[in-house]
Amino acid sequence: MDYVNRASGATKEHIGKALGNAKLEAEGHAQKAQAISDHEIKAAKNSAEHSAEQGKAALNQAGDK
C-alpha cells in the first residue's frame, strides 16, 4: 500500500508541475499578445496622425491656389 501512496503522490506532484508550467507558458503568450496589440495600436495611431497631417497640408495647398 505504501507503493500506491508514493506513486499517487508522485503523480500529483507531476500534475502540479505540469499545470504550473502550462500556466507560466499561457501567461507568457498573453504578454506577447498584449505587446503585439500595443504595438499595433501605436502604429495605427501614428498612421492616423500622419494621414491627418497630410490632409491638413492638402487643405492648406488648396487654399493657397
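Everything discussed here concerns the structure shown above.
Just so you know, these numbers come straight off a predicted model, no measurement behind them.

1. A closer look at the overall build of the protein
A count of helical and extended segments in the protein gives one helix and zero strands. Taking all 65 residues of the protein together, 0% fall into the buried category. For the protein, the exposed surface amounts to about 5900 Å²; the carbon and sulfur share of it is 59%.

2. So, the pattern of salt bridges
Overall, the coordinates contain one salt bridge when judged by the stated rule. One salt bridge connects Glu13 with Lys17, and the closest N-O pair in it is separated by 3.2 Å. Separated by four residues within a single helix, Glu13 and Lys17 lie in helix 1 (residues 2-64), roughly one turn from each other. Glu13 sits in the partly exposed class, given a relative accessible area of 46%.

Conventions adopted
- Residues numbered from 1 in each chain as written.
- Predicted model: local features only at pLDDT ≥ 70, side-chain atom pairs only at ≥ 80, totals over all residues.
- Heavy atoms only, no water.
- Helix = DSSP H or I, 4+ residues; strand = E, 2+ residues; numbered from the N terminus.
- Buried < 20%, exposed > 50% of the residue type's maximum accessible area, 1.4 Å probe, protein only.
- Areas by Shrake-Rupley, 256 points an atom, 1.4 Å probe, with all protein chains shown as cover.
- Salt bridge = Lys/Arg side-chain N within 4 Å of Asp/Glu carboxyl O.

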